[in-house]
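Residue-level structure breakdown
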Amino acid sequence: MNFIEKFRYWLPVILAMVFIYWMSTDAFAAARTSRIIDPILRFLAPSLSRKEILMIHGVIRKLTHVAEYFVLGILLFRAFRAGSQERRWRTWGLSSLAFVVLYAAGDEMHQYYVSTRTASLVDVGLDTLGGLLAQCVSILWYRQRREDEDT
């Protein structure tokens with residue numbers, strides 16, 4: 001496989017990583033996302049208390065961790081597989097998960113140095129959960145697809 005073919009698989013991974021990095025900047029600090037999420041929640045459910053809005057805002061922010069790293073995990077599995085017809089799904093899945101964990105830890109280190117953000121091991125755990133779910137889905141999808149091809 002030449003460089004261009006490999007790059008085709010890794011470019012989405014790089015773009016996802018850039019997106020996650022951007023989401024870890026001051027632009028997506030809780031005070032800034034509340035300016036968007038809070039009015040939407042007030043519009044959709046005007047009877048919510050301030051405490052309920054803060055709780056829902058927090059849940060949305062934490063679910064975003066899972067979602068971002070789920071997408072990254074799917075893209076990593078695809079990149080490690082790179083169109084291979086070999087049956088190495090365990091290797092691709094474990095490699096992808098290891099990459100997710102390392103990137104999540106690095107992302108939290110980045111947030112440690114952003115004044116409006118905080119680093120959290122809980123967030124690394126949520127990121128890892130997203131990556132783990134992605135590997136489960138990727139492996140199930142890959143195995144089902146292989147079984148369909150074999151029949």
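On a predicted model such as this, the values are computed, not experimentally measured, just so you know.

Let's shift gears to the overall build of the protein. The number of helices and strands found in the protein is 5 helices and 0 strands. In the protein, the succession of α and β elements from N to C terminus is α-α-α-α-α. Referenced to the eigenvectors of the C-alpha coordinate spread, the extents of the protein come out at roughly 55 × 35 × 25 Å. Looking at the 151 residues of the protein, the share that counts as buried comes to 36%. Within the protein, contacts between residues at least 6 apart in sequence are counted, and of these 74% link residues at least 24 apart. In the structure as shown, the protein presents an accessible area of about 9,400 Å², 69% of it carried by carbon and sulfur atoms. Distance between charge centres in the protein, computed from 18 positive and 14 negative side chains, equals 2 Å.

With that settled, consider the side chain of Glu108. For Glu108, the position within the fold is in helix α4 (residues 89-112). A polar contact of 2.9 Å, which involves the side chain of Glu108, links it to the backbone nitrogen of Ser120. Those residues in contact with Glu108 that sit more than four places away from it in its chain are His65, Thr118, Ala119, Ser120, Asp123, Val124 and Asp127.

This next bit is on helix α3 (residues 50-81). In an α-helix, one full turn covers 3.6 residues, which means residues spaced three or four apart are oriented alike. Along its 32 residues, α3 runs 47 Å from first to last C-alpha, staying within 8% of the 46 Å computed at 1.5 Å per residue. Where α3 ends, the next residue or the one after it, Ala82, has phi of about 50°, a positive value.

Now for the nonpolar core. Counting 15 residues, the largest nonpolar core has Val13, Tyr69, Leu72 and Tyr103 as the members making the most contacts within it. When residues of this core are traced back to their parent elements, those giving at least two are α1 (3-23), α3 and α4. Beyond its immediate chain neighbours, meaning those up to four positions away, Leu72 contacts Val13, Ala16, Met17, Ile20, Val100 and Tyr103. Of all hydrophobic cores here, the second largest spans 5 residues; its members include Phe77, Trp89, Ile139 and Tyr142.

Position of Tyr69 relative to the elements: it lies in helix α3. Through-space distance from the C-alpha of Tyr69 to that of Thr128 is 7.2 Å; in sequence the pair is 59 residues apart. Beyond its immediate chain neighbours, meaning those up to four positions away, Tyr69 contacts Ile20, Val100, Tyr103, Ala104, Asp107, Asp127, Gly130 and Gly131.

Reading guide: rules and limits
- Residues numbered from 1 in each chain as written.
- Predicted model: local features only at pLDDT ≥ 70, side-chain atom pairs only at ≥ 80, totals over all residues.
- Heavy atoms only, no water.
- Helix = DSSP H or I, 4+ residues; strand = E, 2+ residues; numbered from the N terminus.
- Buried < 20%, exposed > 50% of the residue type's maximum accessible area, 1.4 Å probe, protein only.
- Contact = heavy atoms within 4.5 Å.
- Areas by Shrake-Rupley, 256 points an atom, 1.4 Å probe, with all protein chains shown as cover.
- Lys, Arg positive; Asp, Glu negative; His and termini not counted.
- Charge placed at Lys NZ, Arg CZ, Asp CG, Glu CD.
- Polar contact = N/O pair within 3.5 Å; in protein donor to acceptor, adjacent residues only side chain to side chain.
- Expected span 1.5 Å × (residues − 1).
- Core = buried A, V, L, I, M, F, W, Y, C linked by side-chain atoms within 4.5 Å.

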